[in-house]
Structures are given as C-alpha cells and as structure tokens.
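The lines below spell out each chain.
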Amino acid sequence: ANSADEVIFPTVKVKRTFDRYGFKKNSHIIPTGIYLEDFRKTNFQKEEINELKKELGINEEDFVMLFLGRISREKSIEELIFEFSKIERENLKLLFVGGGPDAELFKKQAIKLGVSDRVVFTGMIHPDNVAIYYQLGDLFVNFSVTETQGLTYYEALASGVPLLVKYDDNLEGVIVDGYNGFSFTKNEEFVGLFEKIDSDSLIFDEITKNSDKAIEKFSAETYAKKCEEIYKKLIK
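Report follows, based on the coordinates.

This part is about the sheet that holds strand S8 (residues 181-184). Pairing is parallel in the open sheet, where six strands are placed in the order S5-S4-S3-S6-S7-S8. Only two strands of the sheet have a single partner each, and these edge strands are strand S5 (119-121) and S8. Strand-to-strand twist across the sheet, computed as the mean angle between neighbouring axes with direction ignored, equals 20°. Here strand S7 (residues 163-166) pairs with S8 via four bridges, running parallel. Each bridged residue has a counterpart across the sheet, and for Val 165 the counterpart in S8 is Ser 183.

Here we take up unusual backbone geometry. Even without being glycine, Asn 91 reaches a positive phi, approximately 60°. Relative to the helices and strands, Asn 91 is located in the loop between helix H3 (77-84) and strand S4 (92-97). Here Asn 91 falls in the partly exposed class, since its relative accessible area comes to 37%. Of note, the phi angle at Ala 214 is positive, near 55°, even though the residue is not glycine. You can see Ala 214 is positioned in the loop between helix H8 (201-210) and helix H9 (220-235).

Take the environment of Thr 222 next. Along the polypeptide, Thr 222 turns up in helix H9. Between the alpha carbons of Thr 222 and Ile 30 there is a distance of 9.0 Å; along the sequence they are 192 residues apart. Excluding anything up to four places from it in sequence, Thr 222 contacts Glu 216 and Lys 217. At 2.7 Å, the side chain of Thr 222 forms a polar contact with the backbone oxygen of Glu 216.

Next up on the list: H9. Along its 16 residues, H9 runs 22 Å from first to last C-alpha, staying within 8% of the 22 Å computed at 1.5 Å per residue. In this structure, the buried residues of H9 make contact with strand S1 (7-9) and strand S2 (27-29).

This next bit is on the nonpolar core. Counting 35 residues, the largest nonpolar core has Leu 95, Tyr 133, Phe 140 and Leu 163 as the members making the most contacts within it. For this core, the secondary-structure elements that each account for two or more residues are helix H2 (46-55), strand S3 (63-68), S4, helix H5 (130-134), helix H6 (151-158) and S7. Not counting residues within four places of it along the chain, the set of residues in contact with Phe 140 comprises Leu 66, Phe 67, Leu 68, Tyr 134, Thr 152, Tyr 153, Ala 156, Val 161, Pro 162, Leu 163, Leu 164 and Val 165. Phe 84, Val 141, Val 191 and Phe 194 belong to the second-largest nonpolar core, a separate cluster that totals 31 residues.

The rules behind the values
- Residues numbered from 1 in each chain as written.
- Predicted model: local features only at pLDDT ≥ 70, side-chain atom pairs only at ≥ 80, totals over all residues.
- Heavy atoms only, no water.
- Pairing = 2+ DSSP bridges.
- Helix = DSSP H or I, 4+ residues; strand = E, 2+ residues; numbered from the N terminus.
- Axes fitted to C-alpha atoms, helices over the stretch in contact; angles between N-to-C directions.
- Buried < 20%, exposed > 50% of the residue type's maximum accessible area, 1.4 Å probe, protein only.
- Contact = heavy atoms within 4.5 Å.
- Polar contact = N/O pair within 3.5 Å; in protein donor to acceptor, adjacent residues only side chain to side chain.
- Expected span 1.5 Å × (residues − 1).
- Core = buried A, V, L, I, M, F, W, Y, C linked by side-chain atoms within 4.5 Å.

Below, the structure written as structure tokens:
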C-alpha cells in the first residue's frame, strides 16, 4: 500500500489496521457503495412478504429479529442465540438468513436452550432474493466484530430496518444511537436494549422511520463519484 499514490479504505477500521502495519501514505475512507434502490420497501408488495413469512413459519403479528449473512462461528452467532434465549416475549422470532458451515451447530444450540420453536434458519438463498428477506425483519441484529465493512448494515438500513448490533469500528458513521438503532459493547446489554425498544413504540417508530435516512453516502453513485474525484486529482 505504501507504494501507491493513493489508497482508498472502505472503513476507518481497515485504515487503523493498515496504520498499525506501518502504512504512511495518502488515503481516503470511502464506504463501498451498494445499490440502495434495490432494497427500498416500495419495491415489495405486502402480500409477497406475508407469503414468504408463511413459508418460513412466521406469523404476520410476530416481531422478527433478523440476521443476514454467513452462518459461521466468527459471526458470534452463538452469543446472539444465547442472549436471545433470555428474552421472554410472545410472538418473537429470530430469523437467520443465509448458509454456512456451522448452521447445524447453532440449530442444536437453539434446541438445547429451548428456543428452537422461535429460531428460524432459511439456509442458503439466491443473491437475487436477498432484498425481500430484509423486509421480513423488524430489527437487524448482529454480535459480530469481525466485519471489515458490514455491507449488511447498509442494506438493512436501506430496507427500512433499524439496527441493534454490537459496536465495532466499522460502524463508525453508520449507526447513530437512538436515531437509526442502538449499539452495545457488552453482550449482556443486548436484552435490555431490546426491551427498551420493544416497550416504547415511540422509540421503535422513530428508529424505524429514520433507518433509511442519511444513507446516501453508502450508495454506489456516491462511491463512484468520490473515487472519480480522486482519480481526476491524480491524473492532473
């Protein structure tokens, strides 16, 4: 990286890692853009969302915590299921969307904790169908601190789904506590934050309403324009 004229980092987390390696050259932090419009709620009919819920054994009145990503241990899914098992609430589901090497391990954990009737695994889904699965969620949850970018956070917000996630440097500038969700640093804070959100409809409505606001900086168009500016400057 030190041999380049300019380096683009997707998050401050990656930049700080390079700094520890001894990186000293010019750089910019530009989040990798996504096509925000693909995830907008307006793209989907309520009927098709409810039909998908029905196929997965989720009722229309269920409150759905959503995790979307690779189902593997480095995502701290074991911790998520453990904390979820502490929540006593009717009509609450934890939905895991995606495939991965440790799915069977987590299914066994759900059985052991007595929450297998409230934890749903979709298995691998086609990339073209990812966007509609976000529409099944009321709250996007994640305990992972191994993400370098966290594109699923951008996708969730673009889908109108607020965040309840463990804080990591890659979330800097993504989540604003109390505005588009909440973050925690200790696992045991998860349950209390969920109960705070669940018990106050004003808080939940506010973070839901704000979730897809102020995220244009994560759009593919913004990414392209900012990268283009850097290339033009270097060419001159």
